[in-house]
Amino acid sequence: PKTKRAKRFLEKREPKLKENTKNAMLIKGGNANLTVTEVLKDIYAVKKPFAVLYKKKNITRPFEDQTSLEFFSKKSDCSLFLFGSHNKKRPNNLIIGRMFDYHVLDMIELGVEKFVSLKDVKNSKCPEGTKPMLIFAGDMFDVNEEYRRLKSLLIDFFRGPSVPSIRLAGLEYVLHFTAVDGKIYMRSYKVLLKKSGCKIPRIELEEMGPSLDLVMRRTHLASDDLYKLSLKQPKALKPKKKKNISHDVFGTTYGRIHMQKQDLGKLQTRKMKGLKKRPAEKSAEDGGVSPKKSKSA
């Protein structure tokens, strides 16, 4: 780097033990309609400030050619993407995916069948940058491999920054995903904390928007070897194994202590008259008879 600004820019992108919060880029295709544009705007509003919205149309097809996505990923330092397009064969189309080392790792194509915008729901909204709680309902997310990858992808996309502690009043936004009958229903709610007469408040959910009814179309999943490589952690982050510590089924921790062999002959016991040694026993231990002291004249 020739300038300090360029040096700082390169230092930000250097490999780190703890990754930065993943940013997402939202790209509009060359033939995106009003519905797709509104979906991208609403997802951007939910994802801010960890998102970049490209307002100009980009004529690209991610499943055929991924070079433009990789170029935008390097340019904006984004490892997640959402691409929206619309045509006669695949109307209201969304492609959600993620990158590994600035190359497409996996992506899934979803069709929007029904959409309710943030503007259509006349309720109070959550402030920008709120970390959402994610709920997944449906056996398909655990049984089917494609749905399992989609669940992992959605968690990556919406999880937000890692935080050391949580404040109860900060839990005010819920994203609910349901997989049933070959469809994925995305709903978003605002959490209302009501008075309950005790310390724990009564919880109510108020629909906030956006809400989407999605159907899965095409998938491009990474191979098992590449997927394992992307999950690899540095050795410094792996927890060190503690020796001589075990846990039982109830979660109780047991520790094993190694001590030197103790000489029990020198152990100090309770002093009692019955245990007191006689002079003959003492002399036998010393190895001879001790001479009597001469009385002074």
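An unreviewed UniProt entry lists the protein under the name Ribosome production factor 2 homolog, with Mesembrinibis cayennensis given as the organism. What UniProt records for the protein under Subcellular location (unreviewed entry) is the sentence "Nucleus, Nucleolus". The annotation that UniProt attaches to the protein under Sequence similarities (unreviewed entry) is "Belongs to the RPF2 family."

Right, let's talk about the overall build of the protein for a bit. Helices and strands together make up the secondary structure of the protein, namely seven helices and twelve strands. Against the 2.2 N^0.38 benchmark of 19 Å for 297 residues, the protein shows a C-alpha radius of gyration of 34 Å, more extended than a compact globule. The proportion of buried residues among the 297 residues of the protein is 31%. Sequence-distant contacts in the protein: of pairs separated by 6 or more residues, those separated by 24 or more amount to 66%. Surface summary for the protein: the accessible area is close to 21,600 Å², and the carbon and sulfur share equals 54%. In the protein, which carries 64 positive and 33 negative side-chain charges, the distance between the mean positions of the two groups comes to 10 Å.

UniProt records the feature "domain: Brix" (unreviewed entry) at residues 22-225, using the numbering of this structure. Strand forms 41% of residues 22-225 and helix 22%; the C-alpha atoms that close the span are 22 Å apart.

This part takes up the pattern of salt bridges. For the structure shown, the criterion picks out 15 salt bridges. The closest approach of N and O atoms between glutamate 128 and lysine 48, which form a salt bridge, is 3.7 Å. Taken together, the residues glutamate 128 in the loop between strand 5 (103-116) and strand 6 (133-137) and lysine 48 in the loop between helix 2 (34-47) and strand 2 (51-58) connect sequence positions 80 residues apart. Of the residues examined, glutamate 128 reaches a relative accessible area of 54% and is grouped as exposed. Of the charged contacts, one joins glutamate 113 and lysine 183 as a salt bridge, the two residues approaching to 2.9 Å between their closest N and O atoms. Of this pair, glutamate 113 sits in strand 5 while lysine 183 sits in strand 8 (residues 183-194); the two residues are 70 residues apart in sequence, bridging distant segments of the chain. A relative accessible area of 47% places glutamate 113 in the partly exposed class. One salt-bridge network, in which partners are shared between bridges, spans Lys22, Arg98, Asp106, Glu145, Arg148, Arg149 and Asp156.

What follows concerns empty space enclosed by the protein. All told, the structure shown has two cavities of 30 Å³ or more when counted by the stated rule. In this model, the largest cavity occupies a volume close to 130 Å³. In this structure, the largest cavity is lined by 14 residues; those nearest its centre are Ile96, Leu110, Leu154, Met186 and Leu214. Mapped onto the lining of the largest cavity, the elements with two or more residues apiece are strand 4 (93-100), helix 5 (145-158), strand 8 and strand 10 (211-220). The element best represented in the lining of the largest cavity is helix 5, accounting for four residues. A per-class count over the lining of the largest cavity returns 14 nonpolar, no polar and no charged. Considered as a void within the structure, the second largest cavity measures approximately 90 Å³ in volume. Lining the second largest cavity are Val46, Lys47, Lys48, Phe50, Gly129, Thr130, Lys131, Pro132, Phe158, Gly160 and Pro161.

Moving on, we come to a nonpolar patch on the surface. Nonpolar side chains collect at one region of the surface, where Leu168, Leu193, Ile203 and Leu205 lie side by side and expose about 380 Å² of accessible area between them. You can see leucine 205 is positioned in strand 9 (residues 202-207).

Reading the values: rules and limits
- Residues numbered from 1 in each chain as written.
- Predicted model: local features only at pLDDT ≥ 70, side-chain atom pairs only at ≥ 80, totals over all residues.
- Heavy atoms only, no water.
- UniProt positions renumbered as here; feature names shortened; annotations may be inferred.
- Helix = DSSP H or I, 4+ residues; strand = E, 2+ residues; numbered from the N terminus.
- Rg over C-alpha atoms; globule rule 2.2 N^0.38 Å.
- Buried < 20%, exposed > 50% of the residue type's maximum accessible area, 1.4 Å probe, protein only.
- Contact = heavy atoms within 4.5 Å.
- Areas by Shrake-Rupley, 256 points an atom, 1.4 Å probe, with all protein chains shown as cover.
- Lys, Arg positive; Asp, Glu negative; His and termini not counted.
- Charge placed at Lys NZ, Arg CZ, Asp CG, Glu CD.
- Salt bridge = Lys/Arg side-chain N within 4 Å of Asp/Glu carboxyl O.
- 1 Å grid on protein atoms, 1.4 Å probe; cavity = no way out; pocket = protein on both sides within 12 Å on 5 of 7 lines; lining within 4 Å.
- Points joined across faces, edges and corners; volume = space filled by probe spheres on them.
- Nonpolar A, V, L, I, M, F, W, Y, C, P; charged D, E, K, R; others polar.
- Patch = residues over 30% accessible without salt bridge, like charges linked within 9 Å, V, L, I, M, F, W, Y side chains within 5 Å.

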